[in-house]
Amino acid sequence: MSTPELLPIATGARSWAFLSGELKGRRVLGLVTLVISAVAAAMSLVPVYVFGVLVDRVTEGAPTSTIVSVVAIITVAALVGGVFTALSSYLISKLGEGILASLRQRVLGRALHLPVNTLERVGKGDLLSRVGDDVAVMAKSIGEVIPNIVSALLLVSLSVVTMLSLDWRLGLAGMVAIPMYVLALRWYLPRSAPMYAAERVAMGERSQALISSMQGARTVRAYGLEQAHLAEIDAASGKARDIGITVFRLFTRFGSRSNRAECVGLSVILAAGFVLVQDGHVSVGEVTAAALLFHRLFNPIGMLMFSFDDVQSAGASLARLVGVIDMPDERSRGTGATPTDGTLEVTGLRHSYDTGHEVLHGIDLTVHAGETVALVGSTGAGKSTIAAIAAGSIDATSGQVRIGGASLDELGADGLRRHIAIVSQEVHVFAGSLIDDLLLAAPDATRDDVRAALDTVGAQEWVDALADGLDTQVGEGGHELTSAQSQQLALARLVLADPAVAVLDEATAEAGSSGARDLEAAAAAATRGRSTLVVAHRLTQAAAADRVVVLEHGRILEQGPHDELVAAGGRYAELWSAWEGR
Ligand SMILES: Nc1ncnc2c1ncn2[C@@H]1O[C@H](COP(=O)(O)OP(=O)(O)OP(=O)(O)O)[C@@H](O)[C@H]1O
């Protein structure tokens, strides 16, 4: 089995450029957020600094009442810090959610416009994992990781500045720890990534072993395979456990490396402070403040180091999302050509799917304005492929499709949507109110237009019977519609979109016979006056059409009105008598 091609992934530089572009668009909010967060971080350093001052006052023999002013300052700093921290969290999430919303919109906007041929090539899995998993990873990063990182970075920078301002030598002493932190990260990151990946795989295998044994429990019992399955689960669990322990061991070793950096940093500050105090360059209070400041950094630095994994995976997700956003929009903009009438003309159509095997071998077909043409043929003859190409859903390998003399390219994506619509086998009801679902086809339609469209397709009665009528919530999580009702809605959307040309490739085969008759009547009403190409899943649809085109193995075998073809005694006559004799 060949691995499907994946959608593109952006480079690191391009992902950064995307992110900074998003930030530039929110410059003011970004700056205000930074200033407020810096004030919040500074307020959290005040108690440490004031504590150093207190040490000096006590050393100088200041009265006990000094403590009152110190407590007052710390209280005010805590209150101001609290307010600014809350404000900063709010602003960071406002900024982050804005960027996330824009990212989501742009990815979805691009994904929804990807040509079907591209989707066929890459498989839907990759796209779904990007709009699902990668967006979720980004949401987690933006919601939780980035705000913590921003405040930790600000706290670290301000602490270093404060330490340097206390005495540059104390600042430098604290910085001795930096290379140790860097070394710890350089040791950890290349080891952790493959190990986390292996852990995820092992956990997946363990779930798989469990699920398959549970699902096949009866068979396992019937064949006495309990021990074999338990051994399999045991092996998978053992592997996941062993990797889990190795990951934990790696993590503790990383932790001890970062503890070592903390220990060395603090010791160097204390030793340097001892010498500096002895030489009279700094006070005991200043050294105390520097040591406490450094100690205060243990948590934020640890947070920064332990967030590297998350940052790496957020970076990978961002690159995959920007990769989709940057895909060139291949939709044709059109030349502004307008069709002279509703004639649908297909000439010299050939098509091969990715398998390379040609499934249409030069189809010429015309549906005159207002005419209904039915495509008939055995399974795999190529009916749905012609329908999808005629409606512009997929691009043919070669050949032309014209509406009223204008090619689909000349009409462009928007023109195409105005002049032709397809009701395909995949009828999707979007989650939301029923009326919103219908308005997708014609956003400017009024409630009366919607009612009239429902009436045309015979759906008005059951819609009125719903608890909230047109405003009933449908789709996932809402009122469940039958497949016949969903198809009626698709037909009502067609009526609302009001194109000159309609292509019907509905999945009516499984509908019960009276249901199928109702849907046929609905389809006939919805397509009245339009040039209609209908894939006839039942021959009654062909009998009702103006003309029937019989396909076999990607070629047109015969065509003509139903009665003539039956009289001619060819392939269609065979199909018809088989159908009648069911
Ligand atoms: N997405 C696809 N990728 C590869 N091959 C495809 C794809 N869709 C259809 N085919 C192949 O193209 C040929 C024509 O299929 P098509 O669905 O157009 O036939 P059909 O006449 O509509 O059949 P049915 O009545 O079963 O829907 C078949 O051989 C089918 O296997």
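Model, not experiment: these values are computed from the prediction.

(A) Examining the overall build of the protein more closely. Counting secondary structure elements, the protein contains 22 helices and 12 strands. Classification of the 582 residues of the protein by burial places 30% in the buried group. Pairs at least 24 residues apart make up 78% of the contacts formed inside the protein by residues separated by at least 6 positions.

(B) Structural context of the nonpolar core. The biggest cluster of nonpolar side chains holds 69 residues, and the ones touching the most others in it are Val376, Ala390, Leu491 and Ala492. Per-element accounting of this core gives the leading share, 7 residues, to helix H18 (residues 483-497). For Val376, the contacting residues outside a window of four places in its chain are Ala536, Leu539, Ala542, Val548, Val549, Val550, Tyr572 and Leu575. Grouped together as the second largest cluster of nonpolar side chains are 26 residues, Ala42, Leu155, Leu166 and Met305 included.

(C) Here's a closer look at the sheet that holds strand E9 (residues 501-504). Here 6 strands make up an open sheet; going across it, the order is E6-E9-E10-E3-E11-E12 and the pairing mixed. In this open sheet, the two strands that pair with only one neighbour each are strand E6 (420-423) and strand E12 (555-560). Direction aside, the axes of adjacent strands within the sheet are offset by 20° on average. The strands that H18 touches are E6 and E9; relative to E6, the one it contacts most, it runs at about 175°.

(D) A look at the packing of helix H9 (residues 226-278) against helix H10 (residues 284-296). Taken N-terminus to C-terminus, the directions of H9 and H10 make an angle of 170°; their axes are 10 Å apart at the nearest point. As far as their axial angle goes, H10 and H9 are roughly antiparallel. Here H9 contributes Gly265, Leu266, Ile269, Leu270, Gly273, Leu276 and Val277 to the contact with H10, which in turn contributes Val284, Val287, Ala290, Ala291, Phe294 and His295. Partitioned by chemical class, the residues of the contact of H9 with H10 number 10 nonpolar, 3 polar and no charged.

(E) Structural context of the site of the ligand. Near the ligand, the surroundings consist of 12 residues, among which Tyr353, Thr379, Lys383, Ser384 and Thr385 are the closest. For the shell around the ligand, the leading source of residues is helix H13 (residues 383-390), giving 3 residues. For the shell around the ligand, the class distribution of residues is 3 nonpolar, 7 polar and 2 charged.

(F) Structural detail: the sheet that holds strand E5 (residues 406-407). Here 4 strands make up an open sheet; going across it, the order is E2-E1-E4-E5 and the pairing antiparallel. With partners counted over all chains shown, the strands left at the sheet margins are strand E2 (358-367) and E5, one partner each. Bridge count for strand E4 (residues 398-403) against E5 is 2 bridges, and the pairing is antiparallel. Along E5, the bridge assignment pairs Arg402 with Ser407. Relative to the sheet, H13 contacts strand E1 (344-352), E2 and E4, its axis offset from that of E1 by approximately 120°.

(G) Broad picture of the packing of helix H1 (residues 12-24) against helix H12 (residues 308-325). Contact geometry of H1 with H12 gives a least axis separation of 9 Å together with a crossing angle of 85°. As far as their axial angle goes, H12 and H1 are roughly perpendicular. Between H1 and H12, the residues in contact are Gly12, Arg14, Ser15 and Phe18 and Gly315, Leu318, Ala319 and Val322, respectively. When its residues are assigned to classes, the contact of H1 with H12 shows 4 nonpolar, 3 polar and 1 charged.

(H) Main features of H10. Here H10 spans 18 Å end to end across 13 residues, near enough to the 18 Å set by a 1.5 Å rise per residue. Within H10 the residues assigned to the buried category are Gly285, Glu286, Val287, Thr288, Ala289, Ala290, Ala291, Leu293 and Phe294.

(I) Region of the structure containing the environment of Leu153. With respect to the helices, strands and loops of the structure, Leu153 is situated in helix H5 (residues 124-166). Between the C-alpha atom of Leu153 and that of Pro300, which follows or precedes it by 147 residues, the distance is 7.6 Å.

(J) The arrangement of the confidence of the model for the protein in detail. Across the protein, pLDDT averages 88, with 96% of residues at or above 70. Reported confidence for the predicted complex is 0.96 by ipTM and 0.64 by pTM.

(K) Highlighting the UniProt feature "transmembrane region" (unreviewed entry) in the protein. In this structure's numbering, the residues bearing the UniProt feature "transmembrane region" (unreviewed entry) are residues 28-55, 67-92, 145-164 and 170-189. Summarising residues 28-55: 100% helix, 0% strand, and an end-to-end C-alpha distance of 41 Å. As annotated, residues 145-164 comprises 100% helix and 0% strand, and the C-alpha atoms at either end are separated by 28 Å.

(L) Just helix H2 (residues 27-59), in detail. Its 33 residues place the ends of H2 48 Å apart at the C-alpha level, agreeing with the 48 Å of an ideal helix rising 1.5 Å per residue. Approximately 30° is the largest bend angle found in H2, and it occurs at Leu45, with the proline Pro47 only one to four residues beyond. Trailing H2 by a residue or two, Gly61 shows a phi angle of about 85°, which is positive.

(M) How the structure looks around the pairing of E1. In terms of strand pairing, E1 meets E2 through 7 bridges, oriented antiparallel. Within the sheet, the bridge partner assigned to Val346 lies in E2 and is Leu365. Between E1 and the antiparallel strand that follows it, E2, lie 5 residues; Gly356 among them carries a positive phi value of about 90°.

The rules behind each value
- Residue indices begin from 1 for each chain and proceed along its sequence in written order.
- Confidence filtering applies because this is a predicted model: local features only for residues at pLDDT of at least 70, side-chain atom pairs given and counted only at 80 or more, and all residues used for totals across whole chains, interfaces and linings.
- Elements are defined by DSSP. Helices are runs of H or I of four residues or more, strands are runs of E of two residues or more, and each kind is numbered from the N terminus.
- Every C-beta atom is placed from the backbone, and the number of other C-beta atoms within 10 Å of a residue's own sets its class: buried at 20 or more, exposed at 12 or fewer, partly exposed in between.
- With C-beta atoms placed from the backbone, a contact is any residue pair whose C-beta atoms sit within 7 Å.
- Only buried residues count toward a nonpolar core: Ala, Val, Leu, Ile, Met, Phe, Trp, Tyr and Cys, linked into one set through C-beta atoms within 7 Å.
- By the convention used here, strands pair only if DSSP detects at least 2 bridges between them.
- Interaxial angles span 0 to 180 degrees and are taken between N-to-C directions of axes, which are lines fitted to C-alpha atoms, for helices over the stretch in contact.
- Each angle gets one of four labels, with under 35 degrees taken as roughly parallel, over 145 as roughly antiparallel, 65 to 115 as roughly perpendicular, and the rest as oblique.
- Under this grouping Gly is polar, as are all residues other than the nonpolar Ala, Val, Leu, Ile, Met, Phe, Trp, Tyr, Cys and Pro and the charged Asp, Glu, Lys and Arg.
- Nearness here is judged by the C-beta atom: place it from the backbone, and if it falls within 6 Å of a molecule or strand, the residue counts as near that partner.
- To estimate the expected span of a helix, count its residues, drop one, and scale the result by 1.5 Å.
- pLDDT expresses how confident the predictor is about each individual residue, on a scale running from 0 to 100.
- UniProt positions are given in the numbering used here, feature names are shortened, and annotations may be inferred rather than shown by experiment.
- Throughout, bend refers to the angle between the axes fitted to the seven residues that end at a position and the seven residues that start at it.

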